[in-house]
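# Chains, contacts and geometry: an overview
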Amino acid sequence: MRSLLSAADLDRDEALAILDAAAQMQAVQSREVKKLPPLRGRTVVNLFFEDSTRTRSSFEIAGKWLSADVVNISAKGSSVSKGESLRDTVLTVAAMGVDALVVRHNASGAAHRIAGWVDCPVINAGDGTHEHPTQALLDAYTLRSRLGDLDGAHLVIVGDITHSRVARSDVLLMNTLGARVTLVAPPTLLPAGVGSWPCGVSWDLDATLSGKTHDDVDAVMMLRVQHERMNGGYFPTPREYAIGYGLSPQRLELLGERVPILHPGPMNRGLEISAAAADSPRAMVLDQVRAGVAVRMAVLYRLLAGGIDGSAGAPVAAVIEEAK
Ligand code: NCD
């Protein structure tokens, strides 16, 4: 039994197997009856110590569409707010007979610690500024649906890299899939050691988008400025940030007409992304949300109905066919 804690847990074959399974799962989304039987009788607990809209609800929907019983626990309203330790909370939940834990926590490394305390698979749904592997999978899924094979594709990720678990997981997974990544941010929002990451780095958004400093751009992802993880001093004013690093209507012009725009959400309109960019036909933000459900179905299926390495478990196509 294994967990999904980091995008680095997935080799190319495993990542592609999840993306292919997700493509099959996505067919369920357009059906009237959105239910497949494989996780009947299994219990999935969403343990969220940090705010979330899309990640928590898409894990819940994914579990339910696979017929699992899904329980949501958030720090607010649980014994965590009475002072219980993380370990005691996790062991209490696990003692009830849980088959998988989906965890979000504001401390980097929390999911790894939790996986060491329990016997069931743990899925990291975001740990501090560290990783968010299912977000990287849904980003890869969305890009693949637009660009086809990601081998050699060039993704530019712009914004608050320092505090972004999405950027860390994306860089790892895109590398695994053969895509190239360039990170663009002001120097204050690039983490120490970024030079050793397997990607390019730039401070100049206009030069990158126009292909002057790096190759042609196949896709752009804007990241949220994570105010809640900052304690001042990263940039002078929101206005200056938007001028230097926001995806403005003028910068849209620099990009080819067909270059897709991604954002993991939630978006700060007017800061990292203009309304013109967020609402343009090139924006794939809602495609990403849609992909989130299918990808999380595929991950839950592979962890609970078969091994994440693809061992055991009926092929997804057979499960879907049977449920027709
Ligand atoms: C991201 C997260 O929580 O890390 N959002 C998400 O999961 N869709 C990015 C963010 O909060 O900016």
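This text gives an overview of the structure that appears in the document.

This part takes up the packing of helix H5 (residues 133-147) against helix H6 (residues 165-176). Between H5 and H6, the least distance of the axes is 8 Å, while the angle of their chain directions is 55 degrees. When the axis of H5 is compared with that of H6, the two are oblique. Between H5 and H6 the crossing geometry is right-handed. Residue-level inspection shows Pro-133, Gln-135, Ala-136, Leu-137, Asp-139, Ala-140 and Leu-143 of H5 in contact with H6, the latter providing Val-166, Ser-169, Asp-170, Leu-173 and Met-174. Each residue belonging to the contact of H5 with H6 can be placed in one class, and the counts come to eight nonpolar, two polar and two charged.

Taken as a whole, this structure holds 12 salt bridges when the rule is applied. Measuring nitrogen to oxygen at the nearest pair gives 3.5 Å for the salt bridge that ties Glu-14 to Arg-2. Residue Glu-14 is found in helix H1 (residues 12-29), and its partner Arg-2 is found in the segment before H1; the two are separated by 12 residues along the sequence. Classification of Glu-14 by relative accessible area gives buried; the value is 11%. You can call Arg-2 partly exposed: its relative accessible area is 39%. Residue Arg-56 is joined to Glu-60 by a salt bridge in which the shortest nitrogen-to-oxygen separation is 3.3 Å.

Let us now look at the sheet that holds strand E2 (residues 69-74). Pairing is parallel across the open sheet formed by four strands, whose spatial order is E2-E1-E3-E4. A single partner strand is all that each edge strand has here, and the edge strands are E2 and strand E4 (122-127). Adjacent strand axes in the sheet meet at a mean angle of 15 degrees when their direction is disregarded. In this structure, strand E1 (residues 43-48) lies alongside strand E3 (residues 100-105), joined through five bridges in parallel fashion.

Here helix H11 (residues 285-304) contains 20 residues, and its C-alpha end-to-end distance of 29 Å stays within 8% of the 28 Å for a straight helix at 1.5 Å per residue. Counting buried positions over the 20 residues of H11 gives 16, a clear majority of the element.

Moving on to the nonpolar core. Core analysis: the largest hydrophobic core is formed by 89 residues, its most contacted members being Leu-137, Ile-157, Ile-161, Leu-173, Leu-183 and Leu-247. Counting residues per element, this core draws most heavily on H11, at 11 residues. Those residues within four positions of Leu-183 in sequence are excluded, and the remaining contacts are Ile-157, Ile-161, Val-171, Val-194, Trp-197, Cys-199, Gly-200, Val-201 and Ser-202. With 15 residues, the next largest nonpolar core counts Val-93, Val-98, Leu-101 and Ala-111 among its residues.

What follows is about unusual backbone geometry. Omega for the bond connecting Gly-265 with Pro-266 falls within 30 degrees of zero, at -5 degrees, which places this linkage in the cis form. The topology assignment puts Pro-266 in the loop between strand E9 (261-262) and helix H10 (275-278). Of note, the phi angle at Ser-67 is positive, near 75 degrees, even though the residue is not glycine. Among the structural elements, Ser-67 can be located in the loop between helix H2 (54-65) and E2. What makes Ser-67 buried here is its relative accessible area of 17%.

What counts as what
- Residues numbered from 1 in each chain as written.
- Predicted model: local features only at pLDDT ≥ 70, side-chain atom pairs only at ≥ 80, totals over all residues.
- Heavy atoms only, no water.
- Axes fitted to C-alpha atoms, helices over the stretch in contact; angles between N-to-C directions.
- Helix = DSSP H or I, 4+ residues; strand = E, 2+ residues; numbered from the N terminus.
- Parallel < 35°, antiparallel > 145°, perpendicular 65-115°, else oblique.
- Left-handed = near helix turned anticlockwise from the far one by under 90°.
- Contact = heavy atoms within 4.5 Å.
- Nonpolar A, V, L, I, M, F, W, Y, C, P; charged D, E, K, R; others polar.
- Salt bridge = Lys/Arg side-chain N within 4 Å of Asp/Glu carboxyl O.
- Buried < 20%, exposed > 50% of the residue type's maximum accessible area, 1.4 Å probe, protein only.
- Pairing = 2+ DSSP bridges.
- Expected span 1.5 Å × (residues − 1).
- Core = buried A, V, L, I, M, F, W, Y, C linked by side-chain atoms within 4.5 Å.

The values reported here are purely geometric and, on their own, carry no functional implication.
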